[in-house]
Number of protein chains: 2
Amino acid sequence: MEDKLREYEERLSEKNFKLTSQRRLILKTLIENINEHPSAEEIYQLVRKQNPHIGLATVYRSLELLCELGILHELNFDNNCRRYELEQGDKHHHHLICLKCRKIVEFNDDMLKNLEDHIQSQYEFDVVDHRIKFYGYCADCRKAQDK
Amino acid sequence: MEDKLREYEERLSEKNFKLTSQRRLILKTLIENINEHPSAEEIYQLVRKQNPHIGLATVYRSLELLCELGILHELNFDNNCRRYELEQGDKHHHHLICLKCRKIVEFNDDMLKNLEDHIQSQYEFDVVDHRIKFYGYCADCRKAQDK
DNA sequence: TTTTCAGTGGATAAGCGTTTTCAATCATTA
DNA sequence: TAATGATTGAAAACGCTTATCCACTGAAAA
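Draft legend 1. Layout of the overall build of chain A. When helices and strands are counted, chain A shows six helices and five strands. Each helix (α) and strand (β) of chain A, taken in turn from the N terminus, gives the series α-α-α-α-β-β-β-β-α-β-α. Across its three principal axes, chain A shows a C-alpha extent of roughly 50 × 45 × 30 Å. A burial count over chain A gives 41% of its 147 residues as buried. In chain A, 48% of the contacts between residues at least 6 apart in sequence involve partners at least 24 apart. For chain A, the exposed surface amounts to about 8400 Å²; the carbon and sulfur share of it is 44%. Once the 23 positive and 27 negative side-chain charges of chain A are each reduced to a mean point, those two points are 7 Å apart.

Draft legend 2. Summary view of the relation of the copies chain A and chain B. If you rotate chain A by 179° and push it 0.1 Å along the axis, it lands on chain B with an RMSD of 0.1 Å. The relationship between the two copies is best expressed as a two-fold rotation axis. Every residue of chain A has its C-alpha some distance from the rotation axis, and the shortest such distance is that of Ile 132 of chain A, at 2.2 Å. Of the interface residues in chain A, 100% have counterparts in chain B that sit at the interface too, so the contact is made through matching surfaces.

Draft legend 3. Summary view of the protein's contact with DNA strand C. Among the 19 residues in the neighbourhood of DNA strand C, the closest are listed as Thr 20, Gln 22, Thr 58 and Arg 61 of chain A together with Tyr 60 of chain B. Near the protein, within 4 Å, the atoms of DNA strand C are sugar or phosphate in 73% of cases. Contact distances for DNA strand C include 2.6 Å between a phosphate oxygen and a side-chain N or O atom of Thr 58 of chain A. At the level of secondary structure, the elements contributing two or more residues to the surface near DNA strand C comprise α2 (21–32) and α4 (56–68) of chain A together with α4 (56–68) of chain B.

Draft legend 4. Quick peek at the protein's contact with DNA strand D. Taken together, 18 residues form the shell around DNA strand D, and within it Tyr 60 of chain A together with Thr 20, Gln 22, Thr 58 and Arg 61 of chain B come nearest. Put simply, 69% of the atoms of DNA strand D that lie within 4 Å of the protein are in sugar or phosphate. Within the side chain of Arg 23 of chain B, one N or O atom sits 3.1 Å away from a phosphate oxygen of DNA strand D. A distance of 3.2 Å separates a phosphate oxygen of DNA strand D from a polar backbone atom of Gly 55 of chain B. For the surface near DNA strand D, the secondary-structure elements that each account for two or more residues are α4 of chain A together with α2 (21–32) and α4 of chain B.

Draft legend 5. Structural view of the side chain of His 37 of chain B. Residues and elements named next belong to chain B. Within the fold, His 37 resides in the loop between α2 and α3 (40–50). Side-chain polar atoms of His 37 contact the side chain of His 95, separated by 3.3 Å. Polar side-chain contacts of His 37 include one of 3.0 Å to the side chain of Glu 106. Dropping the residues within four chain positions of it, His 37 is found in contact with Glu 42, Leu 75, Phe 77, Arg 83, Tyr 84, Glu 85, His 95, Ile 104 and Glu 106.

Draft legend 6. Representation of helix α5 (residues 113–123) of chain B within the structure. Of the positions making up α5 of chain B, those classed as buried are Leu 115, Glu 116 and Ile 119 of chain B. The buried residues of α5 of chain B occupy one face: seen down the axis, they fall within an arc of 100°. Seen from the buried face of α5 of chain B, the exposed residues on the opposite side, beyond 90 degrees, are Asn 114 and Ser 121 of chain B. Looking at the buried side of α5 of chain B, the elements it contacts are β3 (93–98), β4 (104–108) and β5 (126–137) of chain A together with β5 (126–137) of chain B.

Draft legend 7. Local environment of the state of the cysteines. Taken as a whole and judged by the stated rule, the model has zero disulfides over all chains. The thiol of Cys 138 of chain B is unpaired, and the distance to the nearest cysteine sulfur, on Cys 98 of chain B, comes to 3.7 Å.

Draft legend 8. Summary view of the environment of Arg 83 of chain A. The residue Arg 83 of chain A is located in strand β2 (residues 83–86) in this model. Here Glu 42 of chain A takes part through its side chain, which lies 3.0 Å from a polar atom of the side chain of Arg 83 of chain A.

Draft legend 9. Examining the sheet that holds β5 of chain B more closely. Here we have six strands laid out as an open sheet, ordered β4(A)-β3(A)-β5(A)-β5(B)-β3(B)-β4(B), and mixed in their pairing. With one partner strand each, in any of the chains shown, β4 of chain A together with β4 (104–108) of chain B form the two edges of the open sheet. Strand after strand, the sheet turns through a mean of 25° between neighbouring axes, direction not considered. Where β3 of chain A and β4 of chain A come together, five bridges link them in antiparallel fashion. By the bridge assignment for β4 of chain A, His 94 of chain A is matched with Phe 107 of chain A.

Draft legend 10. Representation of the pattern of salt bridges. All names here are of chain A. Counted under the stated rule, the structure contains 14 salt bridges over all chains. Between Arg 11 and Glu 87 there is a salt bridge, with its nearest N and O atoms 3.6 Å apart. Here Arg 11, found in helix α1 (residues 2–14), pairs with Glu 87, found in the loop between β2 and β3; they are 76 residues apart in sequence, far enough to count as distant. Ionic contacts of the salt-bridge type, sharing partners, join the residues Glu 7, Arg 11 and Glu 87 into one network.

Cut-off values and rules
- Residues numbered from 1 in each chain as written.
- Chains lettered and ligands numbered in written order.
- Predicted model: local features only at pLDDT ≥ 70, side-chain atom pairs only at ≥ 80, totals over all residues.
- Heavy atoms only, no water.
- Helix = DSSP H or I, 4+ residues; strand = E, 2+ residues; numbered from the N terminus.
- Buried < 20%, exposed > 50% of the residue type's maximum accessible area, 1.4 Å probe, protein only.
- Contact = heavy atoms within 4.5 Å.
- Areas by Shrake-Rupley, 256 points an atom, 1.4 Å probe, with all protein chains shown as cover.
- Lys, Arg positive; Asp, Glu negative; His and termini not counted.
- Charge placed at Lys NZ, Arg CZ, Asp CG, Glu CD.
- Least-squares fit on C-alpha atoms with pLDDT ≥ 70 in both.
- Near = heavy atom within 4 Å.
- Polar contact = N/O pair within 3.5 Å; in protein donor to acceptor, adjacent residues only side chain to side chain.
- Arc of directions from axis to C-beta.
- Disulfide = S-S within 2.5 Å.
- Pairing = 2+ DSSP bridges.
- Axes fitted to C-alpha atoms, helices over the stretch in contact; angles between N-to-C directions.
- Salt bridge = Lys/Arg side-chain N within 4 Å of Asp/Glu carboxyl O.

Printed below as a string of structure tokens:
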């Protein structure tokens, strides 16, 4: 935890930003909830438990800054709010979204390199990133359905 | 055009909805701009050229209804608005999104069936749909950059 | 030390896309 | 014709996000 925070502090200071107490708390919350893909509002609620004086605007500003620095990624699962996840090295992972319980499962893949190469030559499209979402039913919901 | 409209009328009436003049005009506009992936606002502006009295709420309501009937698909390229495309048979296609000019190129694929099967067994996740977006630079922007 | 100044944060208003409300209209049926 | 229900348009409300305002902080300059 402290290691990660020090790393983030360095990445902030490279661009002359400071790891203020608010940013520290937001990052801490993101680390602690790394599998949750929380929305801004959810982060705000979590952060307020530890510092009730923090403002919603600060949360939004911090998330924006962290995204610009590449520390955080913005996700887009449903249409009415943005969700966030910490950057996790260069492991390319994508999401399985359960249509019933809305749970989000991550999965890693290396199978798409070929497809990228194909697109590159076929469409003259220079691929720099991709986002894949699979929709379906997770193990839990499938079991519940069988009952 | 008229063929398609008749087909849509049938699909509406199956669920006891009517092809009103507003819905007809919206569908007509969607057919005419089938490669544009227009947003609700853009559809509204297009539709108003032919019927200046149509309301924005009607456009939103019609788009919602057409999505529910599967005639239309909601897309999610940028965060601040939804875009729409007519359902086009069972051709599974995805999108290449140019980061420079924001142009959206469609591409078809059959290469993902294997990946779905893999996910199915590995994660016990029952995949029913997937959405893939590749981000990069289109042929035009690549050429412009070379100059 | 005092002053200055950029960076930051909190409260709140504003912005923007979307949804809801409500009265009016239209089509269909009795 | 009267009644009923679906649909519409205008405007208000809504929810998430961004911008504005002013106060505070902490470091550099005078």
